[in-house]
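Take a look at the letters that make up each chain.
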Amino acid sequence: MGRKRLNPEHNKLPNRVYTNGYSYVWKPTSSESITLTPIKDGIAAVWKKYEEVVNQVRKPITFSQLWEKFISSAYFIELKPRTQQDYMQHQKKLFSVFGEMKADGIKPEHVREFMDKRGLQSKTQANHEMASMSRVYRWGYERGYVKANPCAGVMKFKAVKRDRHITDEEYLAIYRAADDIVKIAMEIAYLCAARLSDVLGMKWQQITEQGIFIQQGKTGIKQIKAWTPRIQAAIDRAKVFSTPANATSAVIMGQYKGHYSKRGFSNRWMEARSKAAAQLGYDLDCTFHDLKAKGISDYKGSTKDKQLFSGHKSESQVLVYDRK
């Protein structure tokens, strides 16, 4: 039984409904608030609205509706931008399979079947997509939208550590085959141990006297990468193709004066990689993200030094990228 309220009139309110001085608010959880009616409308009005909202919450919903509630929530808004992008990317595959199914109708065996089929294309992506699906269900379960999490107990694929190290010869071959835009991005990614999203999202206001300010989109770590002749040369090259006088414009500027899309840039990268492979005489299976790993691997110093350089939170994360 709940404790008595300080104002006896408030004992007439529904469970977990309170006032904020202006309105009646329902708090289904400690971290969620739903405004019901203005106080001036009276107790009867708040009960009517409360029943409508509760019935809506308890009404069976599809997986896509559950997902939409999640990405509209305060919880999602507070996630890192890179994490939000990952959810939106995972949404495509998940919706194509589960979108119109009742959220409570999805069972562990359905998730397992999805994992097995998706794993034929990419085990890593299958793991990531199920992790996002599981988090959405945990969020929905805590708020009464679903009765259980069908991902609970479903095994992920065993992660295979990527150990591809781009050699100096391969780096130089790709660099020579690349256009100026890819050359600039390659140097920033390698010399600053930066992800593609952080490179393409870089603005001129991040170019300071001390070096390049980078806040990693995935971890939120903030760093200034000190100037070296090679970094300076890459930024000087970028000035030819961008508008450095505009602090908010992209360092690597796209055709329409904005940031490059990941897909648009990736096409340029793959073209350069194909040309380099033809020149080297063998296929190149390296990714642009491998440039960050090369930067960390080639950095002179201990694992702790590499951790400080890369901006990772732990030495174990650094070891994933140190491939020499």
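Remember, it's a predicted structure, so these values are computed and weren't measured experimentally.

Peer 1: Which residues make up the sheet that holds strand β2 (residues 23–29), and what values do they have?
Peer 2: Judged by pairing direction, the sheet is antiparallel, and its three strands sit side by side in the order β1-β2-β3 without closing on themselves. Every interior strand has two partners, whereas the edge strands, β1 (17–19) and β3 (32–38), have only one. Within the sheet, the average angular offset between the axes of one strand and its neighbour, ignoring direction, is 35 degrees.

Peer 1: Mind laying out the domain arrangement of the chain, listing which residues take part and the relevant values?
Peer 2: Considered domain by domain, the chain is made up of domain 1 (8–57), domain 2 (63–143) and domain 3 (168–321). Taking the mean C-alpha position of each, domain 2 and domain 3 sit 30 Å from one another.

Peer 1: Break down helix α5 (residues 108–119) for me, with residues and values.
Peer 2: Here α5 spans 16 Å end to end across 12 residues, near enough to the 16 Å set by a 1.5 Å rise per residue. What α5 keeps buried is the set Val111, Phe114, Met115, Arg118 and Gly119. The arc that holds every buried residue of α5, seen down its axis, measures 120 degrees, which confines them to one face. For α5, the exposed residues set more than 90 degrees away from the buried face come down to Glu109 and Lys117. The secondary structure elements touched by the buried residues of α5 are α4 (81–98) and α6 (123–142).

Peer 1: With reference to specific residues and values, describe the pattern of salt bridges.
Peer 2: Taken as a whole, this structure holds 15 salt bridges when the rule is applied. Residue Asp86 pairs with Arg82 through a salt bridge whose shortest N-O separation is 3.2 Å. Linking Asp86 with Arg82, this pair stays in helix α4, spanning four residues, or about one helical turn. Here the salt bridges share partners, and the residues they tie into one network are Arg164, Glu170 and Asp285.

Peer 1: Provide a residue-level description of the pairing of strand β4 (residues 211–215), including the pertinent values.
Peer 2: Taken residue by residue, a regular strand's side chains alternate between the two faces of the sheet. Strand direction decides the pairing type here: β4 and strand β5 (residues 222–226), joined by five bridges, are antiparallel. Residue Phe213 lies in a different strand from β5, and its bridge partner there is Ile224. The turn joining β4 and β5, which pair antiparallel and follow one another in sequence, is formed by six residues; a positive phi near 80 degrees is taken by Gly220.

Peer 1: Describe the packing of aromatic side chains, and please don't skip the residues or the numbers.
Peer 2: Two measures describe an aromatic ring pair: the distance that separates the ring centres and the angle between the ring planes. In the structure shown here, the tally under the stated rule is 19 aromatic pairs. On the basis of an interplanar angle of 65 degrees and a centroid distance of 6.1 Å, the ring pair of Phe63 and Phe98 is categorised as edge-to-face. Here Phe63, found in helix α2 (residues 63–71), pairs with Phe98, found in helix α4; they are 35 residues apart in sequence, far enough to count as distant. Residues Phe63 and Phe98 agree in their burial class; the two are buried. Linked through ring pairs, Phe63, Trp67, Phe70, Tyr75, Phe76, Tyr87, Phe95, Phe98, Phe114, Tyr137, Trp139 and Tyr145 together constitute an aromatic cluster. Positioned above the aromatic ring of Phe157, the side-chain terminus of Lys123 is 5.5 Å from the ring centre.

Peer 1: Give a detailed account of the environment of Ile221, specifying residues and quantitative values.
Peer 2: Relative to the helices and strands, Ile221 is located in the loop between β4 and β5. Using a relative accessible area of 24% as the deciding quantity, one classes Ile221 as partly exposed.

Peer 1: I'd love a proper account of the side chain of Asn127, names of residues and values included.
Peer 2: Looking at the secondary structure, you find Asn127 in helix α6. Its relative accessible area of 10% is what places Asn127 among the buried residues.

Peer 1: Any details on unusual backbone geometry? Residues and values, ideally.
Peer 2: Even without glycine at this site, Arg16 takes up a positive phi of about 65 degrees. Relative to the helices and strands, Arg16 is located in the segment before β1. The residue Ala193 is not glycine, and still its phi comes out positive at about 50 degrees. Along the chain, Ala193 turns up in the loop between α8 (180–192) and α9 (196–200). Residue classification places Ala193 among the buried residues on the basis of a relative accessible area of 2%.

Peer 1: Please set out the packing of helix α7 (residues 168–177) against α8 residue by residue, giving values where relevant.
Peer 2: Orientation of α7 relative to α8, taken along the N-to-C sense of each, is 150 degrees, at an axis distance of 9 Å. Judged by the angle between their axes, α7 and α8 are roughly antiparallel. For the pair α7 and α8, contact is made by Tyr171, Ile174, Tyr175 and Arg176 and by Lys183, Met186, Glu187 and Tyr190, respectively. A breakdown of the residues in the contact of α7 with α8 according to their chemical character gives five nonpolar, no polar and three charged.

What counts and how
- Residues numbered from 1 in each chain as written.
- Predicted model: local features only at pLDDT ≥ 70, side-chain atom pairs only at ≥ 80, totals over all residues.
- Heavy atoms only, no water.
- Pairing = 2+ DSSP bridges.
- Helix = DSSP H or I, 4+ residues; strand = E, 2+ residues; numbered from the N terminus.
- Axes fitted to C-alpha atoms, helices over the stretch in contact; angles between N-to-C directions.
- Domains from an automatic or database assignment.
- Expected span 1.5 Å × (residues − 1).
- Buried < 20%, exposed > 50% of the residue type's maximum accessible area, 1.4 Å probe, protein only.
- Arc of directions from axis to C-beta.
- Contact = heavy atoms within 4.5 Å.
- Salt bridge = Lys/Arg side-chain N within 4 Å of Asp/Glu carboxyl O.
- Phe/Tyr/Trp six-rings, centres within 6.5 Å; stacked < 30°, edge-to-face > 60°.
- Lys NZ or Arg CZ within 6 Å of the ring centre and 35° of its normal.
- Parallel < 35°, antiparallel > 145°, perpendicular 65-115°, else oblique.
- Nonpolar A, V, L, I, M, F, W, Y, C, P; charged D, E, K, R; others polar.

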